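# Structure assessment
Each chain is listed here by its residues.
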Amino acid sequence: MTTARLIALDQILFVLVAAAWAATAGFALTGLRQPAAAGRRTRLIAAASCAAAIVVTALRVAVTAGLAGAGWWFVAEKVTLALPLVVVPALVSAAVSLPRLLRGTATGSPSDFPAGIPADIPAGIPAGSARIVAFPLLVTAYGAVAGIACAVVISYPVTAGGAAAVLALFAVASAATWRLLGPARSPRHAWQAAGTCVLALALALTIGGGWPSGHLHSEHDAGGHDAGGRGVSVDLLRGPAPAAAGGPAGARERIRRFTLTAQPATVRLPSGGAAEAWSFNGQVPGPVLRVRQGDLVEVVLRNRLPVRESAEQAGTGQGVTIHWHGYDVPAAEDGVPGVTQDAVWPGQTHVYRFRAEDAGTYWYHSHQNSSVAVPRGLFGLLVVDPATPVPESEDHVLALHTFGSRPTLSVDGAAPSDLLTHLPLPPGARTRLRVVNTDTQPVVLGLSGAPYRIAAVDGGDVPGATDLDGARLHLAAGGRYDLTFTVPSGPVLLTAGNRPALLVNGPATPPPAAGPVVDITRYGTPAALPARFDRFDRETTWVLDKTLAVSGGLPRLAQTVNGKAWPNIPTPVVRQGETVRIRVVNRGTDTHPMHPHGHHVRILSRNGVPATGLPMDTFDVAPGEVWEVALVADNPGVWMSHCHDLAHAAQGMEFHLAYEGVTTPYDMTNGNHPA
Ligand SMILES: [Cu+2]
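What counts, and at which threshold
- Every residue gets a number counted from 1 within its own chain, in the order that chain's sequence is written.
- Given that the model is predicted, a residue must reach a pLDDT of at least 70 before its local features are reported, and side-chain atom pairs must reach 80 or more before they are shown or counted; all residues, however, enter totals for whole chains, interfaces and linings.
- For side-chain calculations, the full set of non-hydrogen atoms in the structure is used, while hydrogens and water are omitted.
- Think of it this way: any DSSP run of H or I at least four residues long counts as a helix, any run of E at least two long counts as a strand, and we number them from the N terminus.
- Here the expected span of a helix is defined as 1.5 Å times the quantity of residues minus one.
- We define the bend at each residue as the angle formed by axes fitted to the 7 residues ending at it and the 7 residues starting at it.
- Coordinating N, O and S atoms are those within 2.8 Å of the metal (3.2 Å for Na, K and Ca), and as water is not part of the atoms, a site may appear to have fewer donors than expected.
- The classification of residues rests on relative accessible area computed with a 1.4 Å probe and restricted to protein chains. Under 20% of the type maximum is buried, over 50% is exposed, and intermediate values are partly exposed.
- Residues form patches when they are more than 30% accessible in relative terms and have no salt bridge. Like charges link within 9 Å. Nonpolar side chains (Val, Leu, Ile, Met, Phe, Trp, Tyr) link within 5 Å.
- Here, Shrake-Rupley sampling with a 1.4 Å probe gives the accessible areas, and only protein chains in the shown set may cover a residue.
- Definition used for salt bridges: Asp or Glu carboxyl oxygen within 4 Å of a side-chain nitrogen of Lys or Arg.
- A pair of Phe, Tyr and Trp rings is counted when the ring centres sit within 6.5 Å of each other, with Trp represented by its six-membered ring. The angle between the planes then sorts it: under 30 degrees is stacked, over 60 is edge-to-face, the rest tilted.
- Sitting over a ring, as applied to charges here, requires NZ of Lys or CZ of Arg to be within 6 Å of the ring centre and within 35 degrees of the ring normal.
- Side-chain atoms within 4.5 Å link the members of a nonpolar core, which is a set of buried Ala, Val, Leu, Ile, Met, Phe, Trp, Tyr and Cys residues.
- Contacts are assigned to residue pairs that have any heavy atoms within 4.5 Å of one another.
- Paired strands, in this sense, are two strands between which DSSP finds at least two bridges.

We now examine helix 3 (residues 76-103). When the terminal C-alpha atoms of helix 3 are compared, their 39 Å separation across 28 residues agrees well with the 40 Å that a helix rising 1.5 Å per residue should span. At Leu83, helix 3 shows its maximal bend, which comes to roughly 50°, and the proline Pro84 appears one to four places after that position.

Written as structure tokens, this is what we have:
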């Protein structure tokens, strides 16, 4: 069984285990309260329920053992806390409670309740029996509920505070139950027990530290890159100034100037649907920026989105920035509000400048309120043509984007279409389709009608790309594949999801590709990794999950990294020149396209299977997967690292990667909101 299935099964099981033990305890208590004969049936139900609870508990233990094979990250809180808390009392229940329930001895045989019958317990409940039979069952139920808490609140890593909080609650609930089931000492003892529980809860939460105030950048300061303005400000890490362009590098150097104006627009789809959008230059997607390797690119961003007049945000409105997705620009040009600049508000402008050194397929998008802005249209494509021309005579850029619920395709910057797009090409032409997934969900691509290659992944050429025939491709949110093929005499069909998206030379359409999905980590020729990857200067692990964490100043179910949500995720700090091995573990049930800014990472392995070492900037970590990637710290700055399912980023799955000695003057004030 796959790790993802085991994770899903475990989530079903921990609810079932808790429900089964709670039901067992409930039936047992009811059966004890009923008169001897009348309660017999209820006690039999309790016995059956107890047997079922033992079975599902054993199943959970087995599933945990299976998960342990995938790595300690998947089971840490289960092995150290969740399972001991339910298995130990379950064994006592099986040994003590179950036989008594089966024999019906809990009806009140004198040997079972030597302590006598307390006055305030209704007739039919012998105190001794209640303790002997019901107490282990109730404690097991508490342990099972604590198991849910472990999964939802603690996750990975297991912190001393979190463990203490769960153990304290469990202990207090058990002690209070022991008292409640015993002989009454005073009429007020139930209230005293309840009061103790509330106090213990407050104490446990304090110890657990699960609800601190949501101080922005609290851990970020601790990272050492924002400490009182010492070191180099990220603001100084700019692209080349225009004057430098005409310098010794050569008078032949071109400066390519673009203006991108953020403004409202309406997207009208061929099927008849329309959506209000935010655009660059009135176009959605924005203009394709096509430059040549070596060009100096200068982009003026102007914000002409409307000013919002609500009391809270009067004079502000929708801010905009431009982030160059996958293009490793100098830090100050990275376009992240609150990290490398302030958001550009309506009426303001900002200039980005960088040298186009890396040929390939990239895209750009606003990073301010990105979970809203990108789906609404504030994005476009960026292509850097190599200094020596590509061998393909036909070269087209394709943006896949969903407007509302309608998946669309835009070819070469044309208006998006939610119907099949036709692209006539001369038979025999070598063709490159640069496919960009600008959505927040992965997409499965299929190309049928001709053998094809994945010539480039995330802008980088694939060494030893081999022909694929009918195979399908999993493209991460934010990722890019360049597909190359020779146009055959017949038609070629590109599908995206299950939707026919592009037809080359119709009108007949070939059947959609239905072959296996290519493992992109093993495609092409294994790269000879640089010798510096023989050993790593630093290692870091990002465990992705959905757990209760403080996000936006409040505890909520958040998308977390190592149990914490933005802005409380500690910042990994690196030194310039270091090599870093990053292990990314997904112990949740959502797919996370991880996107470290400013760097491409080499994929070393997936689930322990060595990869070809392709450089990628957005890689999809599916539930249960463990990816190992290598990063060379060769681009100093303070970089955003986040999940490119932008809703996940907004729910906490983003943090910084900082270089020692680099500071940022920006923060989350001034309306900056990178997710
Ligand atoms: Cu995610």
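A separate point is the coordination of the copper ion. Coordination of the copper ion by the protein comes from His592 (ND1), Cys643 (SG) and His648 (ND1), over a distance range of 2.0 to 2.1 Å. Counting the intervening residues between successive donors of the copper ion yields the motif H-x50-C-x4-H. Taken together, the positions of His592 in strand 25 (residues 592-596) and Cys643 in strand 31 (residues 638-643) put the pair 51 residues apart, joining distant regions of the chain. Here the two residues His592 and Cys643 agree in accessibility, since each one is buried.

Once that is clear, we can look at a nonpolar patch on the surface. Together, Met1, Leu9, Ile12 and Leu16 make up a nonpolar patch on the protein surface, roughly 400 Å² of accessible area in all. With respect to the secondary-structure elements, Leu16 resides in helix 1 (residues 3-33). With a relative accessible area of 42%, Leu16 lands in the partly exposed category.

What follows covers the packing of aromatic side chains. In total, this model carries 11 aromatic pairs according to the counting rule given. On the basis of an interplanar angle of 50° and a centroid distance of 5.7 Å, the ring pair of Trp324 and Tyr364 is categorised as tilted. Note that Trp324 is positioned in strand 6 (residues 323-325) and Tyr364 in strand 8 (residues 360-365), a separation of 40 residues in sequence. The same class applies to Trp324 and to Tyr364, which are both buried. Taking the centre distance of 4.8 Å and the plane angle of 80° together, the rings of Trp542 and Phe655 count as edge-to-face. Of this pair, Trp542 sits in strand 21 (residues 538-551) while Phe655 sits in strand 32 (residues 654-659); the two residues are 113 residues apart in sequence, bridging distant segments of the chain. For the pair Trp542 and Phe655, one class covers both residues: buried. Three or more aromatic residues link up through ring pairs in this structure, and these residues are Phe280, Trp324, Tyr327, Tyr352, Phe354, Tyr362 and Tyr364. Residue placement shows Arg131 over the ring face of Trp178; its charged tip is 4.0 Å from the ring centre. Its guanidinium or amino end placed over the ring of Trp278, Arg376 lies 4.2 Å from that ring's centre, counting from NZ or CZ.

The next point concerns unusual backbone geometry. In this chain, Val284 is followed by Pro285 through a cis amide linkage whose omega measures -10°. Secondary-structure assignment places Pro285 in the loop between strand 3 (274-280) and strand 4 (289-292). A positive phi angle is found at Asn369, which is not glycine, with a value near 50°. Along the polypeptide, Asn369 turns up in the loop between strand 8 and helix 9 (370-373). Although it is not a glycine, Asn505 sits at a positive phi angle of roughly 60°.

This paragraph deals with the nonpolar core. Grouped together as the largest cluster of nonpolar side chains are 71 residues, with contacts concentrated most on Leu445, Ile454, Leu473, Tyr481, Leu502, Met594 and Phe619. Among the elements that make up this core, the one with the highest residue count is strand 31 (four residues). Leave out the neighbours within four places in its chain, and Tyr481 touches Leu433, Arg434, Val435, Leu445, Ile454, Ala456, Val457, Leu473, His474, Leu475 and Ile520. Listed in part, the 36 residues of the second largest apolar core include Ala18, Phe135, Phe170 and Leu181.

On the basis of which strands lie adjacent, the open sheet formed by six strands has the order 11-10-13-18-15-16 and mixed pairing. Edge positions in the sheet fall to strand 11 (406-411) and strand 16 (460-461), since each has one partner strand and no second.

The next subject is the pattern of salt bridges. This model, assessed by the stated rule, comprises 28 salt bridges. Residues Asp10 and Lys78 are paired through a salt bridge, measuring 3.0 Å at the closest nitrogen-oxygen approach. Placement of the pair is Asp10 in helix 1 and Lys78 in helix 3, with a sequence separation of 68 residues. Of the two residues, Asp10 and Lys78, both sit in the buried class. Residue Arg257 pairs with Glu298 through a salt bridge whose shortest N-O separation is 2.9 Å. In this pair, Arg257 is assigned in strand 2 (residues 255-268) and Glu298 in strand 5 (residues 296-303), connecting sequence segments 41 residues apart. One salt-bridge network, held together by shared partners, links Arg290, Asp385, Glu392, Asp395, Arg432, Arg434 and Asp482.

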